[in-house]
Amino acid sequence: DQFDNIATHTQKGIDFIERFGGFIRDRSAIEVEYALKLRRLVKNYQPKKSKEDEENEFSSLIAFKNVLKEVADLAGQREVVAENLQNQVLQGILLLAKNLREERKKALNQGATLTQSLHTQIGTLDRAKRSYEKAFREAEKAIESYHKADADFHLSRADVEKQRVNMNIRNSQSEDAKSEYANQLQITNKQQQQHYQIALPEVFNRLQELDEKRTRGMKEFIKRSADVEYEVSPIIAHCLEGIVKAADSINEKDDSMIVIEKYQSGFQPPGDIPFEDLSKPDPDAANNSQTHNSSTGLNHMTGKGTTKDKLKKRVGIFGIFTGNKNNLSTDGLKEDFSDLPPTQRRKKLTAKVQELQQKVAQEQAASDGLMKMKGVYEANSMLGDPRTVEEQLNESVNRLDRLRHELLRYQKLLEQANNQSFIQHSPQSNRVIQNGQRSSRHSNGSSNHENSHEDNGEDHPDDAGSLSRSASESSVQQAQNGLNINNNGSASPESGLGTSHTSLPGSGQGSTNEQPMNEEFYEADTPLGTCRALYPFDATSEGSIPMSEGEELQVIEVDQGDGWTRVRRFSSKGWEEGFVPTSYIECTLYA
């Protein structure tokens, strides 16, 4: 008798499992969005790749990259969860809900049919009962009418007979209606019993099974959604272990050593500042003062005068040392890395030598292969024409020669850098004080500048073929031919050399080792100030001069933005002039 309530209950149950399906769908969307945001996070915080960083990566940076990888893997696992929820849970819920709706519809239709049939039979029974009641009342009236007619002596025999016949007809109709009513009652009772005891319980059993199936499916799908998480939990745990492992791999000491190796210059720290006893005469200071006074009297030049105007016309110091800008490598450094500190230069040169050795080995292997191929072709002309490989072999040989020449050049540069490092770290490289006079010791332990220049000339044979030597020799030749010489006998700044010792008349190969410079030659250039050497410097290029730590020199031309300052000094050989790195000196210009 609760068919309608059961129908409502099953409908609510199907709506509930569909709502659970909506929950799984929304959760899957959240998992997808979470994974997408994790991947975007990894992309936004991915460190930019740099060749230098790849060579010297900090352990903290490597650990962070590993963390990003693990987070990306976590994002992938969230995507797996979302996909499994959709394929294994949501699709099952939707399919179950569809089947439940179809089964419920069939059961409700069957129940409605049974109920309608029972109601129809009950209606038939009611009509049969009403017919029986009507026929019974009419039969009673006919009997009553007959009894009245039979007792009435005034009626004729025919009227009485007529009433009797009518009574019999009415009784017969009443009995027929009674029989029909009894028959319909029997049918209705039987159908009603069948309906409530067999047919409708079967419908209810089907609806009960349907509802239990829905409940059981709800249980299974909840467990399946948890199993989806369980399946990826080992991988997620592995990712978390990877994050912890990445954190454990961080070593602060190793990172500190990387920083030290990356930025270690190799320069010796400056020594103690010497005490200058003003009571004792300083020959260098006297000479500098005398030169300054004579130059001022002759030319009336100051740091703000014509000398400064001439400096603006200087082509650039790098025109002497490197010839042109083509000597710069792709990363903006010089090909010989001479603009780097000693330690960093040795590292770059070592890496360059290793790179060239690998290239030489590869090119040698390629050349050997071509030689073998050519020999095979010459032995058997059916395999190929040896002339086809000859051109490639020649090109390979030329490339191999170039690589070997370049390798030899960088090996010499590396050897020089190593020797220079040994000199700077040796005790003899420190400045010494002898009888109140300043002097410097070089690699041979002598304080004679002539010996140091000779050593520089011998230690750098590769400079003979460089562009800087070509530029210097060209300028020297012009100076010897009388070109670019002003009225005072000094080289014009337009020559790109100023008055460096490489462009002086009689300098020969552009070195100060062969002939001392003439003191009168400097009268045209008034010193702009003085400078003190903060670090020792060994001249490795044409146009530069060596200096020892603490040495006092005269500033002839200030730095024009190229990192070099032109200075001069007076030694036992006379005046020496050249360029030194601006970062190696401390200048004091005249007012």
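Here, every reference points to the structure presented above.
Residues numbered from 1 in each chain as written. Predicted model: local features only at pLDDT ≥ 70, side-chain atom pairs only at ≥ 80, totals over all residues. Heavy atoms only, no water.

**Quick look at the nonpolar core**
Then, in step 1: Of all hydrophobic cores here, the largest spans 20 residues; its most connected members are Ile-17, Phe-20, Ile-24, Leu-85, Val-89, Ile-93 and Phe-221.
Then, in step 2: Mapped onto this core, the elements with two or more residues apiece are α1 (3–44), α3 (59–151) and α4 (157–248).
Then, in step 3: With 9 residues, α3 is the single largest residue contributor to this core.
Then, in step 4: Phe-537, Ile-545, Leu-553 and Tyr-584 belong to the second largest nonpolar core, which has 13 residues in total. (Core = buried A, V, L, I, M, F, W, Y, C linked by side-chain atoms within 4.5 Å. Buried < 20%, exposed > 50% of the residue type's maximum accessible area, 1.4 Å probe, protein only. Helix = DSSP H or I, 4+ residues; strand = E, 2+ residues; numbered from the N terminus.)

**Topic: the packing of aromatic side chains**
Then, in step 1: Summed over all chains, the structure comprises 8 aromatic pairs.
Then, in step 2: Here the aromatic rings of Phe-570 and Trp-575 are separated by 5.3 Å at their centres, their planes lie at 65°, and the arrangement is edge-to-face.
Then, in step 3: By way of ring pairs, the aromatic residues Tyr-535, Phe-537, Trp-564 and Tyr-584 are connected into one cluster.
Then, in step 4: One Lys or Arg, Arg-409, reaches over the ring of Tyr-410 and ends 5.3 Å from the middle of that ring.
Then, in step 5: Sitting over the ring of Trp-575, Arg-568 keeps its end group 5.2 Å from the ring centre. (Phe/Tyr/Trp six-rings, centres within 6.5 Å; stacked < 30°, edge-to-face > 60°. Lys NZ or Arg CZ within 6 Å of the ring centre and 35° of its normal.)

**As for the state of the cysteines**
Then, in step 1: Taken as a whole and judged by the stated rule, the model has 0 disulfides.
Then, in step 2: Looking at the unpaired Cys-587, the closest cysteine sulfur is the one in Cys-531, lying at 5.0 Å.
Then, in step 3: Classification of Cys-587 by relative accessible area gives partly exposed; the value is 38%. (Disulfide = S-S within 2.5 Å.)

**Some details on α4**
Then, in step 1: Between its first and last C-alpha atoms α4 spans 132 Å; for 92 residues at 1.5 Å apiece the expected length is 136 Å, and the two agree.
Then, in step 2: A bend of about 45° at His-195 is the largest found in α4. (Expected span 1.5 Å × (residues − 1). Bend = angle between axes of the 7 residues up to and from the residue.)

**Observations regarding the pairing of strand β5 (residues 564–571)**
Then, in step 1: Judged by how many residues are buried, β5 sits mostly within the fold: 7 of 8 residues are covered.
Then, in step 2: Note: strand β4 (residues 552–557) against β5, 3 bridges, orientation antiparallel. Pairing of Glu-557 across the sheet is with Arg-566, part of β5.
Then, in step 3: Here β5 pairs with strand β6 (residues 574–581) via 8 bridges, running antiparallel. The residue of β6 that forms the bridge with Val-567 is Gly-578.
Then, in step 4: In sequence, β5 turns back onto β6 through a hairpin of 2 residues. (Pairing = 2+ DSSP bridges.)

**Brief notes about the environment of Arg-345**
Then, in step 1: Residue placement: Arg-345 occurs in helix α9 (residues 342–379).
Then, in step 2: The sequence separation of Arg-345 and Ser-265 amounts to 80 residues, and the corresponding C-alpha distance is 8.6 Å.

**Describing the environment of Glu-175**
Then, in step 1: Position of Glu-175 among the secondary structure elements: in helix α4.
Then, in step 2: Along the sequence, Glu-175 and Ala-135 sit 40 residues apart, while their C-alpha atoms lie 8.1 Å from each other.

**Observations concerning the packing of α1 against α3**
Then, in step 1: Viewed as axis vectors pointing N to C, α1 and α3 meet at an angle of 165°, and their least axial separation amounts to 8 Å. Viewed along their axes, α1 and α3 adopt a mutual orientation that is roughly antiparallel. For the element pair α1 and α3, the recorded crossing hand is left-handed.
Then, in step 2: Grouping the constituent residues of the contact of α1 with α3 by class yields 28 nonpolar, 8 polar and 10 charged. (Axes fitted to C-alpha atoms, helices over the stretch in contact; angles between N-to-C directions. Parallel < 35°, antiparallel > 145°, perpendicular 65-115°, else oblique. Left-handed = near helix turned anticlockwise from the far one by under 90°. Nonpolar A, V, L, I, M, F, W, Y, C, P; charged D, E, K, R; others polar.)

**As for the sheet that holds strand β7 (residues 585–589)**
Then, in step 1: Within the open sheet, the 5 strands sit side by side as β6-β5-β4-β3-β7. Their pairing is antiparallel. In this open sheet, the two strands that pair with only one neighbour each are β6 and β7. Across this sheet, the average inter-strand angle for adjacent strands is 35°, counted without regard to direction.

**Some thoughts on a nonpolar patch on the surface**
Then, in step 1: Nonpolar side chains collect at one region of the surface, where Leu-41, Tyr-45 and Phe-64 lie side by side and expose about 310 Å² of accessible area between them.
Then, in step 2: Classification of Leu-41 as partly exposed rests on a relative accessible area of 44%. (Patch = residues over 30% accessible without salt bridge, like charges linked within 9 Å, V, L, I, M, F, W, Y side chains within 5 Å. Areas by Shrake-Rupley, 256 points an atom, 1.4 Å probe, with all protein chains shown as cover. Salt bridge = Lys/Arg side-chain N within 4 Å of Asp/Glu carboxyl O.)

**Considerations on the pattern of salt bridges**
Then, in step 1: Following the criterion strictly, the structure yields 21 salt bridges and no others.
Then, in step 2: We note a salt bridge from Arg-27 to Glu-31, for which the minimum N-O separation is 4.0 Å. Of this pair, Arg-27 and Glu-31 are both found in helix α1, 4 residues apart, which corresponds to roughly one turn of the helix.
Then, in step 3: Here Arg-27 falls in the partly exposed class, since its relative accessible area comes to 22%.
Then, in step 4: For Glu-31, a relative accessible area of 9% gives the class buried.
Then, in step 5: Of the charged contacts in the structure, one is a salt bridge between Glu-586 and Arg-532, with a shortest N-O distance of 3.0 Å. Residue Glu-586 is located in strand β7, and its partner Arg-532 is located in strand β3 (residues 529–533); the two are separated by 54 residues in the primary sequence.
Then, in step 6: Residues joined by salt bridges that share partners form a network here, namely Arg-27, Glu-31, Arg-78 and Glu-229.

Geometric values such as these leave the question of function open.
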